[in-house]
Amino acid sequence: MPPPNEAVGLAIFLGGATGGIALGAASDLLFRGDRRRPLLVFTAAQAAALLAFAPLPPPLTLSPPAAIGCTFAACFFALGNYSLLCYGVPTDLGESLAGVAGGCMTCAQYLVSGAGGVTLGALVSRLGFGSWWISLEVATALQFLAILLI
């Protein structure tokens, strides 16, 4: 097994790559092209996977291999959702809207990635690491609600 930092990077990469493929395949093969139900399943699983990162007292913290496994799981579900939302859903809107939808998703990606580091940095500096975890769970709950309402 590679050193922990490299293993975390590998877990992020493998989780994201396999999550996108798995959710796309589930959407197409198991749910016959219905995007909503598999997105809801993966979003609920994402919330459960993120529970592993809840701030806990030292005797309950994760070992490095467990943390790497939980990182893989969280990325599998979160980046699986991301892949389907960015690349699968826009194509479902038809030829006339696929480009606009893809452009909107790309715009949102850049805005969030740019503002996310600053916002989360300030949040963690002021309120501690637990606030980062809470922000992920709140965002996941809002994601679930948005998919549910569509």
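Data block above holds the structure.
Rules behind the numbers
- Residues numbered from 1 in each chain as written.
- Predicted model: local features only at pLDDT ≥ 70, side-chain atom pairs only at ≥ 80, totals over all residues.
- Heavy atoms only, no water.
- Helix = DSSP H or I, 4+ residues; strand = E, 2+ residues; numbered from the N terminus.
- Expected span 1.5 Å × (residues − 1).
- Buried < 20%, exposed > 50% of the residue type's maximum accessible area, 1.4 Å probe, protein only.
- Contact = heavy atoms within 4.5 Å.
- Polar contact = N/O pair within 3.5 Å; in protein donor to acceptor, adjacent residues only side chain to side chain.
- Core = buried A, V, L, I, M, F, W, Y, C linked by side-chain atoms within 4.5 Å.

A. Focus on helix α5 (residues 129–149). With 21 residues, α5 ought to run about 30 Å at 1.5 Å a step, and its terminal C-alpha atoms sit 31 Å apart, in line with that. The complete set of buried residues in α5 reads Gly130, Ser131, Trp133, Glu137, Thr140 and Ile147. Buried residues along α5 sit in contact with α2 (36–50) and α4 (95–127).

B. Region of the structure containing the side chain of Thr71. Take Thr71: it is sitting in helix α3 (residues 64–92). By relative accessible area, Thr71 is classed as buried at 12%. Looking at Thr71, its side chain comes within polar contact range of the main-chain oxygen of Ala67, at 2.8 Å. In this structure, Thr71 is in contact with Val8, Ala11, Ile12 and Phe53, ignoring residues within four places of it in sequence.

C. Examining the nonpolar core more closely. Membership of the largest hydrophobic core comes to 16 residues, with the highest contact counts inside it found for Phe53 and Phe77. Secondary structure elements with two or more residues in this core: α2, α3 and α5. Counting residues per element, this core draws most heavily on α2, which supplies 6 residues. Setting aside residues up to four positions removed in sequence, Phe53 forms contacts with Ala67, Cys70, Thr71, Ala74, Phe129, Trp132 and Trp133.

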